[in-house]
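# Descriptive analysis of the structure
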Amino acid sequence: MRYVSTRGAAAPRRFGEILLEGLAPDGGLYVPERWPAADLDALRDLPYPALAHALLAPFMDDVPQLAAIVARTYTKEAFGSAAIVPLRTLESGLHLLALSNGPTLAFKDIALQLLGNLFEAALAARGETLTVLGATSGDTGSAAEYAWCGKRGIRVFMLSPHGRMSEFQRAQMYSLDAPNVHNLAVCGTFDDCQDLVKAVNADAAFKARYRIGAVNSINWARIAAQTVYYFAGWFAARRAGAEAISFAVPTGNFGNIYAGFVARAMGLPIRRLVLATNENDVLDEFFRTGRYRPRRTAQATSSPSMDITRASNFERYVYELVGRDGARLAALWRRLEAEGELDLGAYREAIAASGFASGRSTHAERLATIRAVYERYGAIIDPHTADGVGVALRLREPGETMVCLETAQAAKFAATIREAIGREPPRPRGLEDLERRPQRFAVIDPDPEALKRAIAEACGA
Ligand SMILES: *Cc1c(COP(=O)(O)O)cnc(C)c1O
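This report concerns the structure included in the present document. (Residues numbered from 1 in each chain as written. Predicted model: local features only at pLDDT ≥ 70, side-chain atom pairs only at ≥ 80, totals over all residues. Heavy atoms only, no water.)

## Things to note about the sheet that holds strand β4 (residues 87–91)
Reading across from one edge, β4-β5-β15-β10-β11-β14 is the order of the 6 strands in this open sheet, with mixed pairing throughout. The open sheet terminates on both sides in strands that have one partner only, identified here as β4 and β14 (356–360). Direction aside, the axes of adjacent strands within the sheet are offset by 25 degrees on average. Where strand β10 (residues 244–250) meets strand β15 (residues 400–406), 5 bridges bridge the pair, whose relative direction is parallel. When the bridges of β15 are listed, Phe247 appears paired with Val403. Packed onto the sheet, helix α11 (residues 220–239) meets β4, β5 (94–98), β10, β11 (273–277) and β15 and runs at close to 135 degrees relative to β10. Helix α13 (residues 282–289) rests against β11 and β14 of the sheet, and its axis sits at about 130 degrees to β14. (Pairing = 2+ DSSP bridges. Helix = DSSP H or I, 4+ residues; strand = E, 2+ residues; numbered from the N terminus. Axes fitted to C-alpha atoms, helices over the stretch in contact; angles between N-to-C directions. Contact = heavy atoms within 4.5 Å.)

Right under this line is the structure:
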């Protein structure tokens, strides 16, 4: 499989060449040059690791020992059950697909655990090392740390705002006991953390010397890994008797739901992709009006992992809308940069044909959904999942089955759960003492030189 840039002006590359990279040299995102066709009959009864291998192999056809890498990623030990993503039926036509049983209790583990193993193998084959430098306000950082911990050839420096994360999130990150993972608590905000990452990346000599890279949500391997659970969820719903199967997806960066779009392009008969946002509703607005208006700042909400103002994977979707015409996409993005918004009304028919429906939720609606799901079904869902379930219940049509993606466990958001139902969410087994475990982190000032010193010291220079 070759990968082309959405902006059309970069040379096609193989998967092994784009795995460790970010943007294409022309500023675009890499996408596969064609969609592999999935043979549903051959896939429907496969256990998750075999299903994952069958679906990923066409995308990653130059990775030696892909089957072994996939098999050691998707294990019962790491994800809590052999199903990896078990389907929980709430009532006929309404299901939760549990994506949050990985090591950090959020769906990002499904892609990042694979990425950790793919990176380790690729770096070993090239005899290279990599320093991952990132900033986090909570979820993504811990999923990244748990993906890289103990991996050979990789060192991680994760910046987080000192004293501004929940007890649970802090304990989850800082208690990780791996010599290659360095937690740096910055005396400042999440924005200060991001500015520090930018400042260090702007120092080309330092960046080259310590081989600093990033792992962000635009990495194609993450998207590919996420297509797998759409197939697994669709087959499980079909076995439960469902006919017209739709997915409801709480959305921030348009990564998770875009993977559903890819699954559909590969031939999975998904009826609708129901996109749910919180108060940061850039994408809901787009699917209602055809206008894409990224905002300058995000509003802080009770589903914080969706507090995103600019959806980085959205460009890949628009590339399909414009008929994979890179020059046209590049012109649209120049206009977006100049005018701050984009009117895609001219592509109304392509948008309608792509199978999306959308909605948004407010804090009060999330609380009401969490309460209703608890009272009706005895299930406790987290506020992100509640965004999706709430929109799914509002938009569900007669005869339609909604598979709602459960993207995090309620235990991570105890305060909101208490507000909704007046009780504590259950603690997953093995994490009862999480906040009491020893924590490892260094406090630094929001100063690029302080960060560089910390990196240089840890790298023994
Ligand atoms: C990241 C995240 C999302 C949003 O996923 P995108 O791929 O950014 O759309 C939703 N819920 C949780 C819990 C997350 O961590």
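Additional details are given in the paragraphs that follow.
## Some remarks on the site of the ligand
Around the ligand sit 15 residues, and of these Lys108, Gly252, Asn253, Asn256 and Thr407 come closest. One of the backbone N or O atoms of Gly255 is found 3.3 Å from an oxygen atom in the ligand. In isolation the ligand has 390 Å² of accessible area, and contact with the protein removes 96% of it. Each residue belonging to the shell around the ligand can be placed in one class, and the counts come to 5 nonpolar, 8 polar and 2 charged. (Near = heavy atom within 4 Å. Polar contact = N/O pair within 3.5 Å; in protein donor to acceptor, adjacent residues only side chain to side chain. Areas by Shrake-Rupley, 256 points an atom, 1.4 Å probe, with all protein chains shown as cover. Nonpolar A, V, L, I, M, F, W, Y, C, P; charged D, E, K, R; others polar.)

## Notes on helix α15 (residues 326–339)
An α-helical segment advances 3.6 residues per turn. Residues three or four places apart therefore align on the same side. Over its 14 residues, α15 extends 20 Å from the first C-alpha to the last, a length consistent with the 20 Å expected when each residue adds 1.5 Å. Of the positions making up α15, those classed as buried are Gly326, Leu329, Ala330, Leu332, Trp333 and Leu336. Within α15, the buried residues cover an arc of 160 degrees as seen down the axis, which keeps them to one side. Along α15, the residues that are exposed and aim more than 90 degrees away from the buried face are Ala327, Arg334, Ala338 and Glu339. Those residues of α15 that are buried are in contact with β12 (291–292), α14 (314–321) and β13 (342–343). Of the residues that open α15, the one with a side-chain oxygen 3.2 Å from the backbone nitrogen of Ala327 is Asp325. Where α15 terminates, the next one or two residues include Gly340, which has phi positive at roughly 80 degrees. (Expected span 1.5 Å × (residues − 1). Buried < 20%, exposed > 50% of the residue type's maximum accessible area, 1.4 Å probe, protein only. Arc of directions from axis to C-beta.)

## Considering the nonpolar core
Ranked by size, the top nonpolar core spans 110 residues in total, and within it Met60, Tyr230, Phe231, Phe247, Phe254 and Tyr317 carry the most contacts. Sort the elements by how many residues they give to this core and α11 lands first, with 13 residues. Beyond its immediate stretch of four places on either side in the chain, Met60 contacts Phe15, Leu66, Leu114, Leu118, Ala221 and Ala224. One finds Val373, Val389, Ala392 and Ala410 within the second-largest nonpolar core, a separate group that totals 24 residues. (Core = buried A, V, L, I, M, F, W, Y, C linked by side-chain atoms within 4.5 Å.)

## Concerning the packing of helix α17 (residues 363–377) against helix α19 (residues 414–421)
Axis separation between α17 and α19 bottoms out at 9 Å; the angle between their running directions is 70 degrees. Between α17 and α19, the angle is such that the two are roughly perpendicular. Packed against α17, whose contacting residues are His363, Leu367, Ile370, Arg371 and Tyr374, the element α19 presents Thr416, Ile417, Glu419, Ala420 and Ile421 at the interface. Looking at the contact of α17 with α19 residue by residue, the classes come out as 6 nonpolar, 2 polar and 2 charged. (Parallel < 35°, antiparallel > 145°, perpendicular 65-115°, else oblique.)

These figures capture arrangement, not role.
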